[in-house]
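Working through the structure, step by step
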Amino acid sequence: MEVFKHDKAIVGFMKNAKKVGMFSAFMIIASLLLLMTKGLNYGIDFAGGTIVQVQYEGKAPIEKVRDTLAQNRAYNGATVTFFGSESEIAIRTKSTSKAVDVDVSDDMREILAPTGSFKIRGVDMVGPSVGEELRTKGLLAMVFSILGILVYISFRFEWRFAVASVMALMHDVTIALGALALFQIDVNLPILAAILTILGYSLNDTVIVFDRIREGIRTIKSTHLDAIIDESVTRTLSRTTLTSLTTFFVVLTLYLFGGEVLRGFSFTLLVGVVVGTYSSIFVASPILMWLNFSVAGFRENEAAKSKREKEREKQRAMYEQGTM
Amino acid sequence: MGNLNYRVVVFFFAFIFGIVFSIPSLTQSFSNDTNQTKSDSSGKKITLGLDLQGGLHMLLSVKKEIALESKLKSIGTSVKYMLEKEDLVFDNLKIDNSQVTFELLDNDDLPKVDKFLVEDFKNVTVTKSKISEGTGYALSLSEALKKETEETAINQAVDTIRNRLNDTGLAEPTVAKQGTDKILVEVPGVKTAEQEQHIRMLISKPAHLQMMSVDEDRANRVYSMTEEEARQYGDVIFPDVDNKEQKYLLYSVPILDGSMLTDAKVGHNQKTNRPEIDFTLNAQGSKIFGDFTEHNVGKRMAVVLDNVVYTAPVIQTRIGGGRVQITGNFKEKEAADIAIILRSGSLLAPVQVEEKRSVGPSLGADNIKASSIALAVGFFLVILFMVAYYGMAGVIANFALIANLFLILAVMSLAGATLTLPGMAGIVLTVGMAVDANVIINERIRELLHQGSSITKAIEQGYNNAFTAIWDANVTTLIASVVLYFYGTGPIKGFAITISIGILASMLTAILGTHGIYQWILPKIDKNKLGFWFGIKKEKGAK
């Protein structure tokens, strides 16, 4: 099967770069607005608090549970939602208890006793100090990932490639966060893992496009970067789309079948895969162009590099032959 | 047949390696059997994380201020012992405002006191003051000692909790210090709420045992006295274990405490046959206890556990040998628990919960089921897609993918890594991303075939062209997952591990392995059947 024909005409991506750029800018501004107005809905991992997961025999009497808790002084601020199925509910409170011997689940067992027959399947409690620590660590993880990637790309390509790819990353992460704010998804540790995976994944895509551009600069005769980019991106279009598709499939199955716990995680990834694919074609490459990347300069550098290498090899050969 | 080459041989061995070492994990771990015994020697297995097998995870911290308080108390106890041993005349020994104070009535004894203070009380800050008769002493903890005490409190809490949990025969509890001031407790396979409560009780009980003498001079005023008043006399008021209304007035400086205890077990009272706890003191404890009972016949001595008086008998005679009983209205099980707790040592300070995650076994089973289904469906879709799109080239890529999965499991089994729910997600994601290398390679090969290259050249050149892209892409993903490993906790670390192993394994299987297979079967590849082999139609342009 072939969807992307080899002889397909080169697509003029860069011609439309400005229009697409406007679209990206719009998405970013919208995301930032969402983040500022609605804000991220931090889950207990980062904000601290308690979640009790309760499973009833049959349909959970959610209204009854709400009423019962509303009358209880300690838990009247709790929110109760269905969790994954009709028979399961999650009770969330902002409060935490430091006592080891008595526990929220003991309390709930007592308070909810009149609401029906149930069992407590799980309790998550994160104290405020731990939440703060996790927040700091999460932020540091993002910063260090981006730094590490920046250094590696600069080393393998050129600084403009690094800057362009990191800007594409920021673009992806901002939009993913915007989606989290829009749908008010609980931001917990797995979401952080998803965001970092998006960093890796989107970069993966960008690197493969950049690799082709780098190759294009060497092999394509034109000295116009936009032409080179157009041809290179067209060449990798099939790969970019196919890989994104396979990844999208598996993330979608994770979203559909992976259970409630992984839902936020896989949702974030779904957004990330789409945005990451888009950005590697429509964001990273134009930025490279706008950063005044010079094809001639790159070629000169490359030539100088290979000349140096040849020189070194020659010397080594002479040395080995004993002529030096 | 074909050209056997090192690549395909390496791939073959990796495949076998992957299968052999993942079998123990596949046959056992996924059955959600929480009673895994470590003696089962059929091979190393992947440990299931608490989110998959169910269990209790807690991050605890120690109440430092109480550790300091109890350190001060034990200094008070030692000072009292030394003063009595040297036969010195003193008065008003008490603990107040984070210092131990006493008055030495005869100034001729000053050198003796100063000597033992210097020798036996290192890092204790001593201030002296003149009083009408003799000298007033105030001892407080120096900064260094405070720090040391806090550290000891943490380390001792780790050891104590570990001992307590090990003593109950639970399946492989983990107790470890995390960072500088936290304790990580993980107990897998907790099945019922009662079990969990029992564990929490074992952890939380400070088990601070003290032998204290009753202040007989003021004992009859105990019900009219406030705590504040009691403190002024250097006393404390503790309730009785059975009847909270009954109160005892005790000297706040204990005779001795649980640190001098060597063993504790459940015994039965000879007369009533009720359970009691018998404990044995070490040599120093026996000596102090013997001396004390000898000098205080006719007075009462209270056995106090966690600030509750269990028994306060009148001393009839000197008790030597260091054997003491705690009687009280114990149930058999309760007595057994207290014995365990006393035996494993007291907590210098009580612990408190900073983070707790408890996953019931049914929830863990659901998590395994959901993620396994996702893995199976995702895997099936990708396999199907690759064959449909690339023909035989897709089949070859699928071999690599299967080998990759086995390798992830094998490496995790051998390393004893923990598989968590995000870890399962990581494996699912790897399935999607690992075929990426083969997509890149196959697209390159197709491109070269379209340009009219021979099959041999298309394959060799295709692998060459694809390599740098795959390499750079994998390294960047690896950077992100390594960072995640170092900054993530618990389940998230599991995600970073599976992703990292998956990427590394894919280099072996998807690049080296498939390349080897192509070289091996090269003679078989029919250049007129490119549709079958590479999923492309032969075009006019191709020669």
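This is a predicted model, so every value here is computed, not measured. (Residues numbered from 1 in each chain as written. Chains lettered and ligands numbered in written order. Predicted model: local features only at pLDDT ≥ 70, side-chain atom pairs only at ≥ 80, totals over all residues.)

What follows covers the interface of chain B and chain A. Taken together, the contact between chain B and chain A spans 66 residues of the former and 60 residues of the latter. For the side of chain B that touches chain A, the elements supplying multiple residues, two or more each, are helix H6 (193–204), strand E18 (351–359), helix H10 (361–390), helix H12 (421–450), helix H13 (455–487) and helix H14 (490–521) of chain B. The element best represented in the side of chain B that touches chain A is H12(B), accounting for 16 residues. Grouping the amino acids of the side of chain B that touches chain A by side-chain chemistry returns 38 nonpolar, 16 polar and 12 charged. Judged from the 5 bridges that link them, strand E5 (residues 118–126) of chain A and E18(B) form a sheet pairing that is antiparallel. (Contact = placed C-beta atoms within 7 Å. Helix = DSSP H or I, 4+ residues; strand = E, 2+ residues; numbered from the N terminus. Nonpolar A, V, L, I, M, F, W, Y, C, P; charged D, E, K, R; others polar. Pairing = 2+ DSSP bridges.)

In terms of domains, chain B is made up of domain 1 (6–52 + 360–534) and domain 2 (58–64 + 145–356). Its C-alpha centre places domain 1 of chain B at a distance of 55 Å from the equivalent point of domain 2 of chain B. (Domains from an automatic or database assignment.)

Residues and elements named next belong to chain B. Overall, antiparallel pairing links the 4 strands, which are arranged E3-E4-E6-E5 in an open sheet. On the outer flanks of this sheet lie strand E3 (90–96) and strand E5 (124–130), each paired with one strand and no other. Going across the sheet, the axis of each strand differs from the next one's by a mean of 15°, ignoring polarity. Taken together, the 5 bridges between E3 and strand E4 (residues 99–104) define a ladder with antiparallel strand orientation. Looking at the pairing, Asp91 lines up with Glu103 of E4. Where helix H3 (residues 64–85) meets the sheet, its contacts fall on E3, E4, E5 and strand E6 (135–141), and the angle it forms with E3 comes to roughly 170°. (Axes fitted to C-alpha atoms, helices over the stretch in contact; angles between N-to-C directions.)

The figure often quoted for interface size is the accessible area lost as the parts come together. Partitioning chain A into domains gives domain 1 (14–41 + 130–293) and domain 2 (49–124). The C-alpha-based centres of domain 1 of chain A and domain 2 of chain A are spaced at 39 Å.

Right, let's talk about the confidence of the model for chain A for a bit. Confidence in the prediction for chain A averages 85 pLDDT; 98% of positions are at 70 or higher. Summarising per-element confidence for chain A, the mean pLDDT is lowest in helix H11 (residues 295–321) of chain A (81) and highest in helix H1 (residues 17–37) of chain A (92). (pLDDT = per-residue confidence, 0-100.)

The next thing to look at is the packing of helix H7 (residues 189–219) of chain A against helix H8 (residues 225–257) of chain A. Residues and elements named next belong to chain A. Between H7 and H8, whose axes approach to 9 Å, the crossing angle comes to 135°. Here H7 lies oblique to H8, going by the angle between them. Our pair here, H7 against H8, has a crossing hand that is right-handed. Mapping the contact onto sequence places Asp205, Ile208, Val209, Arg212, Ile213, Gly216 and Ile217 in H7 and Ile228, Ile229, Glu231, Ser232, Val233, Arg235, Thr236, Arg239 and Thr240 in H8. (Parallel < 35°, antiparallel > 145°, perpendicular 65-115°, else oblique. Left-handed = near helix turned anticlockwise from the far one by under 90°.)

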